[in-house]
Amino acid sequence: MSETPLLEIRDLSKTFGSVQALTDVDFEVRRGEVMALVGDNGAGKSTLIKCVAGIHGYDSGEISFDGEAVSIHGPKDAAKLGIEVVYQDLALCDNLDVVQNMYLGREVRDFLFRLNEPVMEQHTAETLESLAVTTIRSIRQPVASLSGGQRQSVAVAKAVQWNSRLVILDEPTAALGVAQTRQVLELVKRLAEQGLSVVLISHNLHDIFEVATRITVLRLGRDVGVYERDKTTEQEIVHAITAGVPTKIAGIAETAPEIVA
Amino acid sequence: MSTEADVVAPGIGLPEGDETEQQTLWQRAVGNVKSGNLGVLPVVIGEVLIVTYFSFTATNFFTAGNFVNVILQMAGVTMIAFGVVFVLLIAEIDLSIGYLSGIAALTAATLQLPDGRNYPGWLCILLALGVVAIIGAAQGTVVAKVGVPSFVVTLAGLLIWQGVILRELQVRGVIQIEEDWINKTATYYFSATVSWIIAALVTGLYALVALSGLFGQQRAGLKVRPLPALAKLVGVAVAAFGVVAICTHATKPAACPEGTPLAEVCTQPLGLPLAAVLMLVFLVGLTFLAKRTTFGRHVYAVGGNAEAARRAGINVARVRILVFMISGIMAGVGGLILAARLQSVNLNVGGGTLLLDSISAAVIGGVSLFGGRGEVRGALFGSLIIATIANGLNIGGYKTGTIYIVTGAILLGAVTLDTVARRLQERSGR
Ligand SMILES: Nc1ncnc2c1ncn2[C@@H]1O[C@H](COP(=O)(O)OP(=O)(O)OP(=O)(O)O)[C@@H](O)[C@H]1O
Ligand SMILES: [Mg+2]
């Protein structure tokens, strides 16, 4: 029954004016797996996940979630499906404090429709604590006054605090210190153990081989293969990133064997 | 929506009670100043300096009567500036507010004409505000949906609405307002007893709200900080009773009763002006809107990072349109009060320095032109400063030119302060 992937993308194409950012991309994420998404700068990783998150519209292609074709027209649609994203640029409001950012767009209100600050403040403190984010002095300080790594921690905490089904992390550890990177990787594993699906975008193959179950490689806006972590090597992935051949060109066999669940 | 269970990291012990809770009020204030978050501090200091200066240089400045004067002089601009705060918070500008206030005044004045429609006053007010609300929303729609810069849209609005006013009034010239509902917004005074009751009510209500806030903190298991709340309550009480005390001491000339010697000048006590209460009502209502509702939170978010707001699922266009609507409505409220002071509408309505005074008031009050930073009360403080300067220089016998120069210098100082504060904040971050 759980053979249908949680997220399944078929033939997704996306152009920005004359720039062809994505061409006929296939991408799938199964339940409870950590799918790594790798590729060189400009390969289209962020664009792909923004299409899933409803930030960008796409030109053609199909997205199904939980076996059903879905149309995602905005961030709200994605959130309703249970898709949460940590964006590469974090998407935080500098002028708002940590609590306000954590609950942005989903503020908790009391019976008089007033913002329920105490509840939001307390939950934020708990979430950050559970992620071992201990370096933030006050969760009532504006995000502008946080360090780059602290901001990233807040962005990650913001995405995982909801009961989501798919968490997408676009380079979540790029600015993090050793301890915080560990925390995020541990978190990724833990999320998968709890049955959530995770998409992890990273340039750090070492990290990816530690936590990912499968690896999708994008190159120049096309997918060039899906690799099972246990059956591949870093060299093979590096080769795919730099010289991979698209899976969809007629006559060429798939570069990686599809795994049968 | 229970959240923590999903992500609990095993075996992570945190040091109990972080430093935040232990920070004293003073430490927080110093921290705020260091990180460029000056709040209303410069305005309060500025106002004290200005009042002190005029008290010594202008006779009749430091009197109860003149205090009431300043309140009446600032009321219109304050209302308009309340709307400006929201527009600046989303990092936009509305240049049409001056003449929009004129449009509201003109609409109300026309509808109340005894030889015209002769509508009741409250209906005139509602319809006038409805007109400017629609205009504001329309201008906001062009900004938010089409993407034309607000500067251009509202500059066009400035010209268009000025044109409408000129066309409507060029024959008549002046429309007298005889309708009580409208006129009383600027001419009604509460009796001493009612004034004191109002002061007590304000203090009591504020205490109730503060108390329920503390209970909320306690219920959520947060550390309760009663001292800052108490300090604020004392401040509110002093302000409320202080204003009433001064206003009830003010007097105005009155007809003498039969048989008084000719040399004697007769007066009657004034009391708290209705305009002051109106300012307070809008201050509280709009502060609530900005700080305690999701809409207000989204206003700040759009001003801070519109793209982040969009990704958080906020309907950014809707927020922008509503903000321009608020701007229109508040311009209308201000316009009605200004017209009520004159008890008429003439060709100059909405013109002069009204637009610039209103924007200056918000900016002097610490609302950032770059969006996302500032408070509703800033408009009140800024407009108080502008009104005090104009009033003091006027009494001191200075000409209009001097008033412009001084106001301009203070505006420049305020914006410089804001810019420097922003730089400080950037430096203290990352
Ligand atoms: N908003 C946009 N407008 C125009 N072109 C864009 C936009 N966003 C991305 N692109 C283009 O799409 C392509 C893919 O960009 P994308 O950000 O998805 O790359 P990426 O794989 O995330 O790279 P990186 O590893 O550097 O984050 C690039 O050629 C980029 O120039
Ligand atoms: Mg990217």
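Look a little higher up for the structure.
About the thresholds
Residues numbered from 1 in each chain as written. Chains lettered and ligands numbered in written order. Predicted model: local features only at pLDDT ≥ 70, side-chain atom pairs only at ≥ 80, totals over all residues. Heavy atoms only, no water. Donors = N, O, S within 2.8 Å, 3.2 Å for Na, K, Ca; no water. Helix = DSSP H or I, 4+ residues; strand = E, 2+ residues; numbered from the N terminus. Pairing = 2+ DSSP bridges. Axes fitted to C-alpha atoms, helices over the stretch in contact; angles between N-to-C directions. Near = heavy atom within 4 Å. Polar contact = N/O pair within 3.5 Å; in protein donor to acceptor, adjacent residues only side chain to side chain. Nonpolar A, V, L, I, M, F, W, Y, C, P; charged D, E, K, R; others polar. Contact = heavy atoms within 4.5 Å.

(A) Inspection of the coordination of the magnesium ion (ligand 2) at higher detail. All of the protein donors around the magnesium ion (ligand 2) are Ser46(A) (OG) and Gln88(A) (OE1); their distances to the metal are 1.9 to 2.1 Å. In this pair, Ser46(A) sits in helix H1 (residues 45-53) while Gln88(A) sits in the loop between strand S6 (83-86) and helix H3 (98-102), placing the two residues 42 residues apart along the sequence.

(B) The arrangement of the sheet that holds strand S9 (residues 214-219) of chain A in detail. Residue and element names in this part refer to chain A. The 6 strands lie next to each other as S6-S7-S8-S3-S9-S10, forming an open sheet whose pairing is mixed. Of all the strands in the sheet, the pair left with one neighbour each is S6 and strand S10 (222-228). Within this sheet the neighbouring strands show an average axis-to-axis angle of 15°, counted without direction. As judged from the 4 bridges shared by strand S3 (residues 34-38) and S9, these two strands associate in the parallel manner.

(C) A look at the site of ligand 1. Residues and elements named next belong to chain A. Around ligand 1, a shell composed of 13 residues is seen, among which Asn 41, Gly 42, Lys 45, Ser 46 and Thr 47 lie nearest. Within the backbone of Gly 44, one N or O atom sits 2.9 Å away from an oxygen atom of ligand 1. Within the side chain of Ser 46, a nitrogen or oxygen atom sits 2.7 Å from an oxygen atom of ligand 1. Per element, the largest residue contribution to the shell around ligand 1 is 3 residues, and it comes from H1. Classifying every residue of the shell around ligand 1 by side-chain character gives 3 nonpolar, 7 polar and 3 charged.

(D) Spatial organisation of the sheet that holds strand S5 (residues 68-70) of chain A. All names here are of chain A. In spatial order, the strands read S2-S1-S4-S5; together these 4 strands make up an open sheet with antiparallel pairing. Each edge of the open sheet is held by one strand with a lone partner, namely strand S2 (19-29) and S5. Along the sheet, successive strands turn relative to each other by an average axial angle of 30°, direction set aside. As paired strands, strand S4 (residues 60-65) and S5 are joined by 3 bridges and run antiparallel to one another. When the bridges of S5 are listed, Ser 64 appears paired with Ala 69. H1 rests against strand S1 (7-16), S2 and S4 of the sheet, and its axis sits at about 115° to S1.

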